[in-house]
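Each chain, letter by letter, is given below.
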2 protein chains.
Amino acid sequence: MRKKLKIAILGATGVVGRNMLSELEKSGLDIAEIKLLASKRSVGRKMLFNGQEIEVEEATDSSFRGMDVVFGAVKNDIALRFIDAIRQSGALFIDNSSAFRLNDDVPLVVVGVNDEDIFKHHGIIANPNCCTIIGLTAIAPIAKLSRIESMVVSTYQAVSGAGEAGMNEYNDELKAVANNEEYEPKAFSDQIVSNVIPKIGDILDNGYTKEEMKFQNEGRKIMHDEKLLVSCTCVRVPVLRSHSLSMTLNLEREVELDEVIDALKKSSAISLPLDREAMPLYVSEKTYVEVSRVRKDLVNPKGISLWCVGDQILKGAAYNAVEILKKYING
Amino acid sequence: MRKKLKIAILGATGVVGRNMLSELEKSGLDIAEIKLLASKRSVGRKMLFNGQEIEVEEATDSSFRGMDVVFGAVKNDIALRFIDAIRQSGALFIDNSSAFRLNDDVPLVVVGVNDEDIFKHHGIIANPNCCTIIGLTAIAPIAKLSRIESMVVSTYQAVSGAGEAGMNEYNDELKAVANNEEYEPKAFSDQIVSNVIPKIGDILDNGYTKEEMKFQNEGRKIMHDEKLLVSCTCVRVPVLRSHSLSMTLNLEREVELDEVIDALKKSSAISLPLDREAMPLYVSEKTYVEVSRVRKDLVNPKGISLWCVGDQILKGAAYNAVEILKKYING
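The numbering scheme is per chain: residues are counted from 1 as the chain's sequence reads. Written order decides the labels, with chains lettered from A and ligands numbered from 1. For this predicted model, a pLDDT threshold of at least 70 governs which residues receive local features, and a threshold of 80 or more governs which side-chain atom pairs are given and counted, while totals over whole chains, interfaces and linings are taken from all residues. Processing note: side-chain calculations cover all non-hydrogen atoms of the structure and skip hydrogens and water entirely.

1. Focus: the interface of chain B and chain A
Link 1 in the chain: Should any heavy atoms of two residues lie within 4.5 Å, those residues are considered in contact. Taken together, the 55 residues of chain B in the interface contact 54 residues of chain A.
Link 2 in the chain: We define buried area as the total accessible area lost by two parts upon association, computed with a 1.4 Å probe and summed across both. With both sides pooled, the region where chain B packs onto chain A buries about 4400 Å², and carbon together with sulfur makes up 61% of that total.
Link 3 in the chain: Broken down residue by residue, the surface that chain B buries against chain A is led by B:R293, B:L298 and B:V299, which jointly contribute 15%.
Link 4 in the chain: Salt bridges are identified by distance alone: a Lys or Arg side-chain nitrogen within 4 Å of an Asp or Glu carboxyl oxygen. Taken together, the links from chain B to chain A amount to two salt bridges.
Link 5 in the chain: Side-chain atoms alone can form a polar contact between residues adjacent in sequence; in general such a contact is a pair of N or O atoms within 3.5 Å, and within protein one must be able to donate a hydrogen while the other accepts it. Linking chain B to chain A there are 30 residue pairs in polar contact (both at pLDDT 80 or more).

The structure is reproduced here in structure tokens:
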């Protein structure tokens, strides 16, 4: 890959796309050109990159020609709509949608967990689901001490997981509820302020939502462990942009708690706050995962329970995508 | 016990005490007299019972004389301060504090789960922790199909668990956050609006909080199963008055999902909403527990996962306490 990069962001005006742009700014990567691609209605909108105004262009099949890297911050249908054009351009596609995550020839990468998979790509590298990134970052140091056989996970997911629409609805609804005014939810099935919604996405035949199955499906691929079992409950909570996970791990061999905590402390992707617990309020706009409440499980002697929190937009999406490119460039 | 009851509420002005009064109003019990007891600073305050004004009196050792029943809606220290006087009065003490819950001669009762224990009392019947009541109500029909060996529970607990102070702080903070104003939390360690706090109460030597251990300790006593194992993570969420629980049960024998759902449907204490999931917003001020997301666990073939929600103040406290008395009176 040539030194000065030409980079396109597909879906540049959405919350993840905008954060990809600002993460690229901070990345230290040598960037020759940034192309901002979106749907027709965003054309002409201007965004800043290193103090320079860049105009948003409409994404078309010819948009990707000459690009080295395309970041995808769009839903599956749009990613699928443009994949042939991106392939033809020869650009590396680092995609945040779930369209290609489980394809055999597409590496699915949590930076710091399975970086080596980056180099096995055939034109596409997929960014995992936000909860998968945050949860696996937290437990990766433990997986080095013992294979993780299974996990029970309950999530506390921020409204940012539903994108800009979710965040705007939350902020508007918060004002309405504070002022005792009526508010009609659209982005969510129900009022989310002063409520929690225990269903994210459609429920499949096995009783789990697609979102819940991602942890097991993506986790198996990232951990290179086809037998990993994950029972997950995904819950939307009235929090702006950081996801929290309550995780109980069943390890293959019993590991001392001190060993677990030492391993967590050594990870540069993890922060263990000393004077408080890990909380969404303190992780917003941070690129690390906070971990706390690490303790032996009371049910299984080989079990470890912990709590972890990460910014859904950054660690769970934009930051990980840009880190994938950095690892790829810098080796 | 004579027919027309003389009832005192110790801690009548707090949120649980006030709800005990309104639950007594709805109870159909034949009540001759209600005595409202509180600390000195509430003396003279008037509260309505069946349209009649009752003045709050200061609780002293002589307050309980002639009473048939005393409801306790105070913290442990106040319950302990008055227990001798209540015993001497001969009144039955139905106590919501945790001071006596694990005493051998004190029945700990979730109505609908272990009603038979009510009649083994020696002057005190204890009301369990709110999460214990809500969770055990939800799983009691399953426990009849198979012994429950262990559970992994993550909670989503409302601010009402911290009493009036918690609810007031939440409402005030909600307004402040909506208006971008500063707010200094007092009832909680941190801002709770747009946040979740994964620690309720002090952390013990084993890494679990007292609140988290209640589920196992109280669960063993209520289920009459000294071997029950519960690994619990208690989390405060920005919800006003209903607690939610994500529960994964490991059963002794495999039970078909249909059987589980049929058993849940038959419980009069449970509602399974048909057109939406169980959510705090819809359970507030209700006396039943909503259950949804019932499904086979993906980790353990003998496992069942479910989600349940109950009003913390009513089902988790005041309603259960008054129901204990009704069962005791009506047999």
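Moving on from the coordinates now.
2. What about the relation of the copies chain B and chain A?
Link 1 in the chain: Mapping chain B onto chain A calls for a screw motion: a turn of 180 degrees about the axis and a shift of 0.0 Å along it, with 0.0 Å RMSD after fitting. As the rotation angle and translation indicate, the two copies are arranged about a two-fold axis.
Link 2 in the chain: When the interface residues of chain B are mapped onto chain A, 98% of them are again interface residues, pointing to one common binding face. We place the copies in one frame by least squares, fitting the C-alpha atoms of every residue whose pLDDT is at least 70 in both.

3. Let's talk about the sheet that holds strand β11 (residues 270-271) of chain A
All names here are of chain A.
Link 1 in the chain: Strands qualify as paired when DSSP identifies two bridges or more between them. Going along the chain from the N terminus, every DSSP run of H or I of four or more residues is numbered as a helix, and every run of E of two or more is numbered as a strand. What the six strands build is an open sheet, ordered β9-β8-β10-β13-β12-β11; its pairing is mixed. The sheet terminates laterally at β9 (229-233) and β11, the two strands that pair on one side only.
Link 2 in the chain: Taken together, the nine bridges between strand β10 (residues 242-251) and strand β13 (residues 303-311) define a ladder with antiparallel strand orientation. Counted as the bridge partner of M247 is L306 from β13.
Link 3 in the chain: Axis definition: a line fitted to C-alpha atoms, limited for helices to the stretch in contact. Angles are taken between N-to-C directions and run from 0 to 180 degrees. Sheet contacts for helix α5 (residues 210-223): β8 (148-156), β9 and β10; angle to β9, the most-contacted strand, approximately 150 degrees.

4. What about the pairing of strand β3 (residues 46-49) of chain A?
Residues and elements named next belong to chain A.
Link 1 in the chain: Burial here depends on accessible area, computed with a 1.4 Å probe over protein chains only, as a share of the maximum for the residue type. Under 20% is buried, over 50% is exposed, and the range in between is partly exposed. Alternating positions in β3 separate cleanly, M47 and F49 being buried on one face and K46 and L48 remaining unburied on the opposite face.
Link 2 in the chain: Pairing geometry for β3 and strand β4 (residues 52-58), over four bridges, is antiparallel. Bridge pairing in β4 places L48 opposite E53.
Link 3 in the chain: In this antiparallel pair of consecutive strands, β3 and β4, the connection spans two residues, and N50 shows a positive phi of 50 degrees.

5. Some remarks on the side chain of A:S194
Link 1 in the chain: Tracing the backbone through its elements, the reader meets A:S194 in the loop between α4 (163-178) and α5.
Link 2 in the chain: According to the relative accessible area criterion, A:S194 is buried, its value standing at 13%.
Link 3 in the chain: For A:S194, the side chain forms a polar contact with the side chain of B:Y170, separated by 2.5 Å.
Link 4 in the chain: Beyond its immediate chain neighbours, meaning those up to four positions away, A:S194 contacts A:P238, B:Y170, B:P238, B:V239 and B:L281.

6. Remarks on the pattern of salt bridges
Close approach of charged atoms lets side chains of opposite charge pair.
Link 1 in the chain: In total, this model carries 32 salt bridges over all chains according to the counting rule given.
Link 2 in the chain: Put simply, A:R101 and A:E218 hold a salt bridge, and the shortest N to O gap is 2.8 Å. You can see A:R101 sitting in the loop between β6 (92-95) and β7 (124-126) and its partner A:E218 sitting in helix α5, a full 117 residues away along the chain. As far as the burial class goes, A:R101 and A:E218 line up, both buried.
Link 3 in the chain: In this structure, B:E290 and B:R276 form a salt bridge, with 2.7 Å as the shortest nitrogen-oxygen distance. Separated by 14 residues along the polypeptide, B:E290 in strand β12 (residues 289-296) and B:R276 in the loop between β11 (270-271) and α7 (280-283) bring together distant segments of the chain.
Link 4 in the chain: One salt-bridge network, in which partners are shared between bridges, spans A:R147, A:D225 and A:E252.

7. Topic: the state of the cysteines
Link 1 in the chain: Pairs of cysteine sulfur atoms within 2.5 Å are what we label disulfides. For the structure on display, the rule yields zero disulfides over all chains.
Link 2 in the chain: Not part of a disulfide, A:C232 finds its nearest cysteine sulfur in A:C234, a span of 3.8 Å.

8. Things to note about the nonpolar core
Link 1 in the chain: Ranked by internal contacts, the top residues of the largest apolar core, which has 92 residues, are A:L24, A:F71, B:L24 and B:F71.
Link 2 in the chain: Aside from chain neighbours lying at most four places away, what touches B:F71 is B:I7, B:A8, B:I9, B:L10, B:M20, B:L24, B:F93, B:I94, B:A321, B:V322 and B:L325. For the purposes of this section, nonpolar cores are sets of buried Ala, Val, Leu, Ile, Met, Phe, Trp, Tyr and Cys residues that join through side-chain atoms within 4.5 Å.

9. Regarding the sheet that holds strand β2 (residues 31-38) of chain B
Sheet strands line up and pair through hydrogen bonds in the backbone, either parallel or antiparallel.
Residue and element names in this part refer to chain B.
Link 1 in the chain: With mixed pairing, the seven strands of this open sheet are ordered in space as β3-β4-β2-β1-β5-β6-β7. Looking at which strands have only one partner, the edges of the open sheet turn out to be β3 (46-49) and β7 (124-126). Taking the axes of each pair of neighbouring strands and ignoring which way they run, one obtains an average angle of 25 degrees across the sheet.
Link 2 in the chain: By the bridge criterion, four bridges tie strand β1 (residues 5-10) to strand β5 (residues 69-72) in an arrangement that is parallel. Bridging across to β5, L10 finds its partner in G72.
Link 3 in the chain: Against the sheet, helix α1 (residues 15-26) contacts β1, β2, β3 and β5, and its axis sits at roughly 25 degrees relative to β3.

10. A look at the pairing of β5(B)
Residue and element names in this part refer to chain B.
Link 1 in the chain: Here β5 shows two buried faces, one formed by V69 and F71 and the other by V70 and G72.
Link 2 in the chain: Two strands pair when backbone bridges link them, and β5 and strand β6 (residues 92-95) are joined in this way by four bridges, in the parallel orientation. Looking across to β6, one finds that V69 is bridged to L92.

11. Some points on the packing of α4(A) against helix α4 (residues 163-178) of chain B
Each pair of packed helices gets described by two things: the angle between the helix axes and the distance between those axes.
Link 1 in the chain: It is at 9 Å that the axes of α4(A) and α4(B) come closest, and there the two elements cross at 130 degrees. Regarding the angle of α4(A) to α4(B), the classification is oblique. In the packing of α4(A) onto α4(B), the handedness of the crossing is left-handed. Listed contacts from α4(B) to A:L174, A:K175, A:V177 and A:A178 of α4(A) are B:L174, B:K175, B:V177 and B:A178.
Link 2 in the chain: Among the residues forming the contact of α4(A) with α4(B), the class breakdown is six nonpolar, no polar and two charged. Roughly parallel means an angle under 35 degrees; roughly antiparallel, over 145; roughly perpendicular, 65 to 115; everything else is oblique. Should the near helix be turned anticlockwise from the far one by less than a right angle, the crossing is termed left-handed; should it be turned clockwise, right-handed. When residues are sorted by character, Ala, Val, Leu, Ile, Met, Phe, Trp, Tyr, Cys and Pro go into the nonpolar class, Asp, Glu, Lys and Arg into the charged class, and all the rest, Gly among them, into the polar class.

12. Some details on helix α2 (residues 76-89) of chain A
Residues and elements named next belong to chain A.
Link 1 in the chain: For a helix, the expected span equals 1.5 Å multiplied by the number of residues minus one. For α2, spanning 14 residues, the distance from its first C-alpha to its last is 20 Å, which sits close to the expected 20 Å at 1.5 Å a residue.
Link 2 in the chain: At every residue, the bend is computed as the angle between two fitted axes, covering the seven residues ending there and the seven beginning there respectively. The largest bend in α2 is about 45 degrees, located at I83.
Link 3 in the chain: All buried positions along α2 are accounted for by A79, F82, I83, A85, I86 and S89.

13. A look at the confidence of the model for chain A
Link 1 in the chain: pLDDT measures how confident the predictor is about each residue, on a scale from 0 to 100. Taken over all residues, the pLDDT of chain A has a mean of 97, while the share at 70 or more is 99%.
Link 2 in the chain: Here the complex is predicted with pTM 0.97, and the ipTM for its interfaces comes to 0.96.

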